[in-house]
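# Fold and geometry: a report
The lines below spell out each chain.
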Number of protein chains: 2
Amino acid sequence: MTQPRRRSHRKQPVTIKEVAEKAGVSQMTVSRVINRQGLVKEATREKVEQTISELHYRPNLMARRLAGGKSLFIGLVYHNPSQGYLSKLLVGALNACRDGGHHLVLEDLSSEDGELNPQAVIDRLRQSGLDGIILTPPISNNPDVIAALQKEGIAYVGIAPGATDPDGLRVEIDDAEAADSMTQYLIDQGHRRIGFVMGHKDHAASISRYNGFKLAMKRNNLEINPDHVETGAFTYYSGIEAGRKILTTKTPPTAIFASNDDMAAGMIAAARGFGFKVPKDISVVGFDDTDLATTFWPQLTTVRQPIAQMAEKSVDLLSSYIHNDDTTEIENRRLLEFSIVKRDSAIPPS
Amino acid sequence: MTQPRRRSHRKQPVTIKEVAEKAGVSQMTVSRVINRQGLVKEATREKVEQTISELHYRPNLMARRLAGGKSLFIGLVYHNPSQGYLSKLLVGALNACRDGGHHLVLEDLSSEDGELNPQAVIDRLRQSGLDGIILTPPISNNPDVIAALQKEGIAYVGIAPGATDPDGLRVEIDDAEAADSMTQYLIDQGHRRIGFVMGHKDHAASISRYNGFKLAMKRNNLEINPDHVETGAFTYYSGIEAGRKILTTKTPPTAIFASNDDMAAGMIAAARGFGFKVPKDISVVGFDDTDLATTFWPQLTTVRQPIAQMAEKSVDLLSSYIHNDDTTEIENRRLLEFSIVKRDSAIPPS
DNA sequence: ATTTACAATGTTAACGTTATCACAACAGAA
DNA sequence: TTCTGTTGTGATAACGTTAACATTGTAAAT
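Positions within a chain are numbered from 1, following the residues in the order the chain's sequence is written. By the order in which they are written, chains take letters starting at A while ligands take numbers starting at 1. Since the coordinates come from a predicted model, pLDDT governs what is reported: local features require at least 70, and pairs of side-chain atoms require 80 or more to be given and counted, while whole-chain, interface and lining totals use all residues.

Residue and element names in this part refer to chain A. Orientation is described by axes fitted as lines to C-alpha atoms, over the contacting stretch for helices, and by angles from 0 to 180 degrees between their N-to-C directions. Each helix corresponds to a stretch of at least 4 residues labelled H or I by DSSP, and each strand to a stretch of at least 2 residues labelled E; elements are numbered beginning at the N terminus. Packing of helix α1 (residues 16-23) against helix α3 (residues 42-55) brings their axes to within 9 Å, and their N-to-C directions diverge by 125°. Judged by the angle between their axes, α1 and α3 are oblique. Considering how the two elements wind past one another, α1 and α3 form a crossing that is right-handed. Across the interface between the two elements, Glu 18, Val 19, Lys 22 and Ala 23 from α1 touch Lys 47, Val 48, Thr 51, Ile 52 and Leu 55 from α3. Only Asp, Glu, Lys and Arg are considered charged, only Ala, Val, Leu, Ile, Met, Phe, Trp, Tyr, Cys and Pro nonpolar, and every remaining residue, Gly among them, polar. Residues that form the contact of α1 with α3 fall into these classes: five nonpolar, one polar and three charged. In these notes the angle categories are as follows: under 35 degrees is roughly parallel, over 145 is roughly antiparallel, 65 to 115 is roughly perpendicular, and the rest is oblique. In this scheme the crossing of two helices becomes right-handed for a clockwise turn of the near helix relative to the far one and left-handed for an anticlockwise turn of less than a right angle. Think of it this way: build a C-beta for each residue from its backbone, and any pair within 7 Å is a contact.

Expressed as a screw operation, the relation of chain B to chain A combines 0.1 Å of axial shift with a rotation of 177°, fitting to an RMSD of 1.9 Å. Interpreted geometrically, this transformation is the action of a two-fold axis. For chain B, the minimum C-alpha distance to the rotation axis belongs to Met 62 of chain B and amounts to 1.0 Å. Of all interface residues in chain B, 82% are interface residues in chain A too; the two copies therefore contact each other through one and the same surface. A least-squares fit on C-alpha atoms brings the copies together, and the residues used are those whose pLDDT is at least 70 in both copies.

Bringing the nonpolar core into the picture now. The nonpolar side chains of a soluble globular protein tend to be buried with one another. With 94 residues, the main nonpolar core has Phe 257, Met 267 and Val 284 of chain A together with Phe 257, Met 267 and Val 284 of chain B as its most contacted residues. Nonpolar cores are identified as sets of buried Ala, Val, Leu, Ile, Met, Phe, Trp, Tyr and Cys residues joined via C-beta atoms within 7 Å. Residue burial here comes from a neighbour count, namely the number of other C-beta atoms, placed from the backbone, that lie within 10 Å of the residue's own C-beta, with 20 or more meaning buried, 12 or fewer meaning exposed, and in between meaning partly exposed. Residues Ile 74 and Ala 204 of chain A together with Ala 155 and Leu 318 of chain B belong to the second largest nonpolar core, which totals 83 residues.

For DNA strand C, the set of nearby residues contains 30 residues, the closest of which are Ser 26 of chain A together with Ile 16, Ser 31, Ala 63 and Ala 67 of chain B. Taken together, the residues of the surface near DNA strand C sort by class into 14 nonpolar, 13 polar and three charged. By convention here, the C-beta atom is placed from the backbone, and a residue is near a molecule or strand when that atom is within 6 Å of it.

In this section: the sheet that holds strand β5 (residues 169-173) of chain A. Residue and element names in this part refer to chain A. Read across the sheet, six strands follow the order β2-β1-β3-β4-β5-β11 without closing on themselves; strand pairing throughout is parallel. Here the strands that pair on one side only, and so sit at the sheet edges, are β2 (103-108) and β11 (333-336). Across the sheet, the mean angle separating the axes of adjacent strands is 20° when strand polarity is ignored. Strand pairing follows a simple DSSP-based rule, namely that at least 2 bridges must link the two strands. The pairing of strand β1 (residues 73-78) with β2 spans six bridges and is classified as parallel. Within β2, the position partnered with Val 77 by the bridge is Glu 107.

Before going further, it helps to spend a moment on the interface of chain B and chain A. At the junction of the two partners, chain B supplies 39 residues and chain A supplies 40 residues. When residues of the side of chain B that touches chain A are traced back to their parent elements, those giving at least two are α4 (61-66), α5 (83-100), β2 (103-108), α10 (236-246), α11 (261-273) and α12 (291-295) of chain B. In terms of residue class, the side of chain B that touches chain A is built from 19 nonpolar, twelve polar and eight charged.

Attention shifts here to the environment of Asp 188 of chain B. Mapped onto the elements of the fold, Asp 188 of chain B is located in helix α8 (residues 175-188). As a C-alpha pair, Asp 188 of chain B and Ser 140 of chain B span 48 residues in sequence and 34 Å in three-dimensional space.

A word on the protein's contact with DNA strand D. Around DNA strand D lies a shell of 26 residues, among which Ile 16, Ser 31, Ala 63 and Ala 67 of chain A together with Ser 26 of chain B are the nearest. Ranked by residues supplied to the surface near DNA strand D, first place goes to helix α4 (residues 61-68) of chain A with five residues. Among the residues forming the surface near DNA strand D, the class breakdown is 13 nonpolar, ten polar and three charged.

Cis geometry marks the peptide bond from Pro 137 of chain A to Pro 138 of chain A; its omega dihedral reads 0°. Within the secondary structure layout, Pro 138 of chain A lies in the loop between β3 (132-135) and α7 (143-152). Note that the residue after Val 278 of chain B, namely Pro 279 of chain B, is joined by a cis bond; omega there is 10°. Within the secondary structure, Pro 279 of chain B sits in the loop between α11 and β9 (283-285). Although it is not a glycine, His 56 of chain B adopts a positive phi angle of roughly 55°. The residue His 56 of chain B is located in the loop between α3 (42-55) and α4 in this model. You will see that Asp 165 of chain B, though not glycine, has its phi angle at about 55°, which is positive.

Residue and element names in this part refer to chain B. Taken together, four strands build an open sheet; the order of strands is β7-β6-β8-β9 and the sheet is parallel. With one partner strand each, in any of the chains shown, β7 (229-231) and β9 form the two edges of the open sheet. Across the sheet, the mean angle separating the axes of adjacent strands is 15° when strand polarity is ignored. In the sheet, strand β6 (residues 194-198) pairs with strand β8 (residues 255-258) via four bridges, with the strands oriented parallel. Across the sheet, Ile 194 pairs through a bridge with Ala 255, a residue of β8. Where helix α9 (residues 204-219) meets the sheet, it contacts β6 and β8, and its direction lies at approximately 165° from that of β6.

Structure representation (structure tokens):
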């Protein structure tokens, strides 16, 4: 029995021309209706819109972009990201690219040893021929890379670039304020002894989050016990290690704020190892709301960054920057909203 | 002499026309070189290729597709995937699309309740206007969706579709053989009492993996204790639950094979809860080699699926299927290699 | 009634590529 | 020599849309 290998005959999509004919107007009028440039009489607009939905017309993105000439090649540059972070980034960037008619190209700069070699990054990007580049942490807060990009005249946006390059295009959340809010949440629950696990020093966000924590503690006249603050590397294992230190102090904290979810999960594992029940004996909260936060049990109370949305905004920002006609000043910074996601790993102290 | 007015001083991307002029040939010849249609004299081809790299020319995808080229819109359809799986999938698909000049469009069919509504999937895909579709598990093994796609004449590839649609385009690993190998690995280490955690019944792979496990056990004349076999839902928590049952049996196994990494991690957490040391007292292995496998501690011994490569092959397969001129029979199934990744969560029994 | 202004629509020419067919060059066959 | 292919190459017309400019209608101002 030979299976029929029939080529799917694609029905021709409806074009603007057909819509125009059926509606009895010119193509341009239809185009105007689609693009909402208010220069069309109400009655005409309605007629055209009705015809559009009757014929199930959908504008051809390719043609649109070709004619408009606004189609870009956008590079997404990353270095050893967590997969949860990467997948959200990709989904956001890809959707924004689809809507904007752009094309996303991946530039994976990950290295075995986890080290970031700025020169390699720069060479790669110079070669790429991309119209614009999205820089993710920690590349976004590498001054060498930024400087080289500026020198080459390549357009870029930094995601969470921290203090680096304050005038460049950037998309971020207020890490300090987010950490402050989360700390306040723990304090409001009644916690007084709160520990903190800092993230990797290469990431600008690490410092900001710690600052936010300190600020909230100070505002509430709470003391930070230096033995309850450790530095990790954003990994599960470093969370375990931090836990081993913090949890064996004479009077361990009743709550611990880890700078990301992986470390929070590691912290919980360490706590269990020492016989603590989480959250009954000790509350643990994280940051990022990665997949792990809900994979894990108990599910993590954490800070959600709108990562996909950040990627979308990055694409939009790049696009308007590149197409900007130099006469108008465009917004160059985009601050997005974080949120505290309350799940099961933090409760009032008993 | 008067150059048509350029929009602004911004550098326009290099076009095929400029390449043609500089190389002293017609646009068509350049086009032929790009598309590797062997009708160009060697000398000409070299000259054109050199010009292309000198000018850093990159064909405009939009124009290419508009002109009726081979550029495809390929949809990647997913339903509540793990983020590790998704990000690898995206990276692979995106890179293959870049190389093939295709365009990747995401179709996120995830639902709050985790239920898959075939009708919604079908409606969405019918509307999409995509040239081809990549189906990921568990959508790839949903007979309703497959049947509808066939009826609509939409091209598709299934990733790990199991027994569903044996004649369709498919990319997969041999799940049964992989599970068999892993089981054999445990047996070779000296384990005799081995437990198994099955995956969600919606995934065809769940059955195959269990079959592979049974086969290896039987081949080695080992008995499977029904109390050491539980069914989970591919989640961390279901791993904990399975652990609670398996680990409290009279003589618990010395090794447990979980059908994915999340459940393996949950199993380890449960084991710790009952005072087992992992891997000293009990070995636990997983499947998939997701991010979690290395995030977690101890790092998971697991089966690696080449997920990114599977996505690449899917794109390639779709592309050659769609462009196939009906005369040649093309390969419609692609079996990729798995590998056993030996890390720290499994050692010989003590 | 005539001008003026602007709103509403239409016309034409891109946009960057490939398909199609035409043509040139050059071989071998008659 | 002339004819007949074959192999390169070029000219031109799409592809579906929007930009830029041209034209028409219409109401207010003179």
